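Remarks on the overall topology
So the chains spell out like this:
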Amino acid sequence: MEDRYSLQAQANSWMITSAPFFQGLPETAVELALVHLVTRTHPANQVILLENDWGGSVYFIIDGWVKIRTYNLEGKEVTLNILGKGELFGEMAALDEVPRSTDVITLAPTVIGSMPAQDFVKLLQVEPLAGVRLAQLMARRLRQVNRRLRLRESDSQSRVADTLLFLAEGQGKQGQTGTEIPNLPHRELSSLSGLARETVTRVLTRLEKKGLIKRDQDTICVPDLSALERMIV
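How each quantity is defined
- Within any chain, residue numbers begin from 1 and follow the written order of that chain's sequence.
- Residues qualify for local features only when their pLDDT is at least 70, as the model is predicted, and side-chain atom pairs are given and counted only at 80 or more; totals for whole chains, interfaces and linings, by contrast, use all residues.
- Where side-chain values are given, they derive from all heavy atoms of the structure, hydrogens and water being excluded.
- Comment: elements are numbered from the N terminus, with helices defined as DSSP H or I runs of at least four residues and strands as E runs of at least two.
- We compute the radius of gyration from the C-alpha atoms alone; for a globule the expected value is 2.2 Å times N to the 0.38, where N is the number of residues.
- Exposure is judged per residue with a 1.4 Å probe applied to protein chains only, and the accessible area is read against the type maximum: over 50% gives exposed, under 20% gives buried, and values in between give partly exposed.
- Every accessible area reported is derived by Shrake-Rupley at a probe size of 1.4 Å, with residue values counting cover from the shown protein chains alone.
- Residues belong to a common nonpolar core when they are buried Ala, Val, Leu, Ile, Met, Phe, Trp, Tyr or Cys residues joined through side-chain atoms within 4.5 Å.
- Two residues form a contact once any of their heavy atoms are found within 4.5 Å.
- Just to be clear on terms, a salt bridge is a Lys or Arg side-chain nitrogen sitting within 4 Å of an Asp or Glu carboxyl oxygen.
- UniProt positions are given in the numbering used here, feature names are shortened, and annotations may be inferred rather than shown by experiment.
- Every angle, taken between N-to-C directions, lies between 0 and 180 degrees, and every axis is a line fitted to C-alpha atoms, over only the stretch in contact when it is a helix.
- Angular relationships are summarised with four words: roughly parallel below 35 degrees, roughly antiparallel beyond 145, roughly perpendicular across 65 to 115, and oblique for the angles in between.
- In this classification, Asp, Glu, Lys and Arg are treated as charged, Ala, Val, Leu, Ile, Met, Phe, Trp, Tyr, Cys and Pro as nonpolar, and every other residue, Gly included, as polar.

For the protein, the helix and strand inventory stands at 9 helices and 12 strands. A compact globule built from 233 residues would reach a C-alpha radius of gyration of about 17 Å, and the protein, at 19 Å, matches this within 12%. Counting only C-alpha atoms, the protein reaches 50 × 40 × 35 Å along its principal axes. When burial is assessed residue by residue, the protein has 47% of its 233 residues classed as buried. Of the roughly 12500 Å² of accessible surface on the protein, 53% is carried by carbon and sulfur atoms.

In this section: the nonpolar core. Side chains of nonpolar character tend, in soluble globular proteins, to be buried together. Counting residues in each nonpolar core, the largest one holds 27 residues, and the members touching the most others are Val160, Leu164, Leu167, Leu204, Leu207, Ile213 and Leu228. Going through the elements one at a time, helix H6 (156–171), helix H7 (186–193), helix H8 (197–209), strand E12 (219–222) and helix H9 (225–229) are the ones with two or more residues in this core. The element best represented in this core is H6, accounting for 7 residues. The residues contacting Leu164, other than those within four sequence positions of it, are Ile181, Leu204, Leu207, Ile213, Ile220 and Leu228. Formed by 24 residues, the second largest nonpolar core is a distinct cluster that contains Leu25, Met115, Ala117 and Leu137.

Despite not being glycine, Asn45 shows a phi value in the positive range, around 65°. Mapped onto the elements, Asn45 comes out in the loop between strand E1 (38–42) and strand E2 (47–49). Its identity as a non-glycine residue notwithstanding, Asn52 has a phi of 80°, on the positive side. Positionally, Asn52 belongs in the loop between E2 and strand E3 (57–63).

Within the secondary structure, Val35 is located in the loop between helix H2 (27–33) and E1. Separated by 84 residues in sequence, Val35 and Asp119 have C-alpha atoms that sit 8.8 Å apart.

Per the counting criterion, the structure on display carries 10 salt bridges. Measuring nitrogen to oxygen at the nearest pair gives 3.5 Å for the salt bridge that ties Glu87 to Arg140. Here Glu87 is found in the loop between strand E5 (77–84) and strand E6 (88–89), whereas its partner Arg140 is found in helix H5 (residues 128–150), with 53 residues between them in sequence. For the pair Glu87 and Arg140, a shared accessibility class is recorded, and that class is buried. Bridged by salt links that share partners, the residues Lys67, Arg69, Glu77, Asp103, Arg187 and Glu188 form one connected network.

Below, the discussion takes up the environment of Ser114. Checked against the element boundaries, Ser114 lands in strand E8 (residues 110–116). Given a relative accessible area of 12%, Ser114 falls into the buried group. With 55 residues separating them in the primary sequence, Ser114 and Tyr59 have C-alpha atoms 4.5 Å apart.

Those places that UniProt annotates as "domain: Cyclic nucleotide-binding" (unreviewed entry) correspond, in this numbering, to residues 21–141. The span residues 21–141 carries 31% helix and 36% strand; its end-to-end C-alpha distance comes to 14 Å.

Viewed as axis vectors pointing N to C, H6 and H8 meet at an angle of 80°, and their least axial separation amounts to 10 Å. Between H6 and H8, the interaxial angle falls into the category roughly perpendicular. Contacts between H6 and H8 involve Ser156, Gln157, Val160 and Leu164 on the former and, on the latter, Thr199, Val200, Val203, Leu204, Arg206 and Leu207. Within the contact of H6 with H8, the residues separate by chemical class into 6 nonpolar, 3 polar and 1 charged.

This part covers the packing of H6 against H7. Put simply, H6 and H7 touch, their axes get as near as 9 Å, and they point 105° apart. Here H7 runs roughly perpendicular to H6, going by the angle between their axes. Listed contacts from H7 to Arg159, Thr163, Phe166 and Leu167 of H6 are Leu189, Leu192 and Ser193. Considering only residue class, the contact of H6 with H7 consists of 4 nonpolar, 2 polar and 1 charged.

Here is the structure:
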């Protein structure tokens with residue numbers, strides 16, 4: 001039993017160190033940063049963090065999916081991002097020592113490693129490349145948000161296509177017939193795109209008939225990202 005848990009811990013540690021954030025960092029520095037890492041498995045639809053919680057940890061997704069959620073002035077839920085394996089969250093509250101600004105909820109059974117905030121900050125202080133990696137991550141997320149804001153007045157097809165491209169950029173995996181992204185519930189795509197769920201369903205059906213996407217139970221495959229991007233006006 002102990003050996004099995006030890007092997008699982010080693011596997012989790014390897015999956016975290018293979019995340020883009022840690023690429024190129026000295027192995028000894030990464031090992032030191034992860035010495036207090038704790039991994040937990042969470043069921044789907046479990047709240048991991050709540051807005052206004054204090055940030056004592058930074059979190060790395062070992063497996064599964066989470067959504068980053070907030071609410072608008074009318075009290076309507078707004079999904080800001082979908083994160084998957086290899087991504088991190090909770091870094092902003094750890095850096096500026098203020099309450100968290102969003103909720104984080106699992107979309108599927110998810111394994112998450114939590115690193116004490118002080119260990120994360122220390123890694124940034126001693127390894128300049130870690131700071132560069134974090135800046136690149138935050139710049140990419142800001143660029144994605146800016147693009148989505150520019151498309152808020154576009155037609156529904158453009159907004160759904162952009163949402164799929166957004167997911168492909170962050171979580172896309174190359175499959176045999178194209179780029180594969182998670183086939184999220186339509187309510188999540190609705191919240192990401194700012195459209196009614198019925199509208200999202202109609203647009204996805206239209207895109208599938210045109211051969212721009214292929215759907216199965218777990219994934220949406222985009223055979224040609226450029227062709228999907230040309231649908232955005």
